[in-house]
Amino acid sequence: AAVARRLGCDADIVAITEKDGLPIDVGRRRRLFTGKQRRALHARDRTCRYPGCPISASRTRGHHIIPWWEGGPTDLANGVSLCEFHYGRLHEGEFTIRRGAGDELIFETPDGVEIAPSRREPLDASTGGAAYLQCCHAERGLAIVATTPSAAWGGERCDPNYVADVYSEAAFNARARAGP
């Protein structure tokens, strides 16, 4: 019950189960998350949960919010997906994780400053972005259309002699520009 209060949830949580009714959560019986628990964490979290980290959940590890050695259960409610980089920084003491209101995770520096994802202002025609590029290209008489990124390659076989000649000429020109 004390651990449930620290997790910010009720003591009588209903365990998540598989199709055949077996529980996924293992409580204190195991320290490491099982394969099924990791898959459930990946499905729930989708990415590393560190604010702003885009690493896919399939490349993360399960971490106990309340450490197992402090009585934290090996359950989904106490688990979070972290990439190797942020997992290492957490264990080096660079930040801590705690539960806020509801299921919100709060990442904090050791001195209590909340870590939030960086917020970018939306780009408009004067500050950049697609609209800005279209204006710049229009000034030069160019147009960005649906076929702009298409390649001119027609699918023919590569001519290795031509490729070697192009690289040879480029190397010769680079040496000539470099001078004696």
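Residues numbered from 1 in each chain as written. Predicted model: local features only at pLDDT ≥ 70, side-chain atom pairs only at ≥ 80, totals over all residues. Heavy atoms only, no water.

(A) Quick peek at the nonpolar core. By size, the foremost hydrophobic cluster in this structure holds 14 residues, and its most contacted members are Tyr50, Leu82, Phe95, Ile97 and Phe107. For this core, the leading source of residues is strand β2 (residues 79-83), giving three residues. When near neighbours in sequence (up to four residues on either side) are disregarded, Phe107 contacts Arg49, Tyr50, Pro51, Leu82, Phe95, Thr96, Ile97, Val113, Glu114 and Ile115. (Core = buried A, V, L, I, M, F, W, Y, C linked by side-chain atoms within 4.5 Å. Buried < 20%, exposed > 50% of the residue type's maximum accessible area, 1.4 Å probe, protein only. Helix = DSSP H or I, 4+ residues; strand = E, 2+ residues; numbered from the N terminus. Contact = heavy atoms within 4.5 Å.)

(B) Summary view of the packing of aromatic side chains. Scanning the model with the defined rule gives three aromatic pairs in all. With 5.6 Å between their ring centres and 75° between their planes, Tyr50 and Phe107 make a pair best called edge-to-face. Linking Tyr50 in the loop between α2 (35-45) and β1 (60-64) with Phe107 in strand β4 (residues 105-108), this pair joins segments that are 57 residues apart in sequence. The class of Phe107 is buried, set by a relative accessible area of 3%. Within the aromatic cluster, the residues linked to one another by ring pairs are Tyr50, Phe95 and Phe107. In this structure, Arg61 is placed above the aromatic ring of Tyr87, and the distance from its NZ or CZ to the ring centre is 4.0 Å. Stacked on the ring of Phe85, the Lys or Arg Arg89 has its end atom at 4.5 Å from the ring centre. (Phe/Tyr/Trp six-rings, centres within 6.5 Å; stacked < 30°, edge-to-face > 60°. Lys NZ or Arg CZ within 6 Å of the ring centre and 35° of its normal.)

(C) Structural view of the side chain of Asn78. Among the secondary structure elements, Asn78 is positioned in the loop between β1 and β2. The exposure class assigned to Asn78 is buried, which follows from its relative accessible area of 0%. In terms of polar contacts, Asn78 uses its side chain to reach the backbone carbonyl oxygen of Pro73, at 2.9 Å. (Polar contact = N/O pair within 3.5 Å; in protein donor to acceptor, adjacent residues only side chain to side chain.)

(D) Summary view of the pairing of strand β3 (residues 96-99). On β3, burial follows the alternation: Ile97 and Arg99 on one face are buried, whereas Thr96 and Arg98 on the facing-out side are not. Here β3 pairs with β4 via four bridges, running antiparallel. Its bridge partner lying in β4, Arg98 is registered against Ile106. Between β3 and β4, which pair antiparallel in sequence order, lie five residues; one of them, Gly102, sits at a positive phi of approximately 65°. (Pairing = 2+ DSSP bridges.)

(E) Spatial organisation of the sheet that holds strand β5 (residues 114-115). The strand order β3-β4-β5 describes an open sheet built from three strands, whose pairing is antiparallel. On the outer flanks of this sheet lie β3 and β5, each paired with one strand and no other.

(F) Focus on the pattern of salt bridges. By the definition in use, this model includes five salt bridges. In this structure, the salt-bridge partner of Glu84 is Arg61, at a minimum N-O distance of 3.5 Å. With a gap of 23 residues between them, Glu84 in helix α3 (residues 84-91) and Arg61 in strand β1 connect regions that are remote in the sequence. Several salt bridges converge on common partners, so that one network encompasses Arg44, Asp45 and Arg49. (Salt bridge = Lys/Arg side-chain N within 4 Å of Asp/Glu carboxyl O.)

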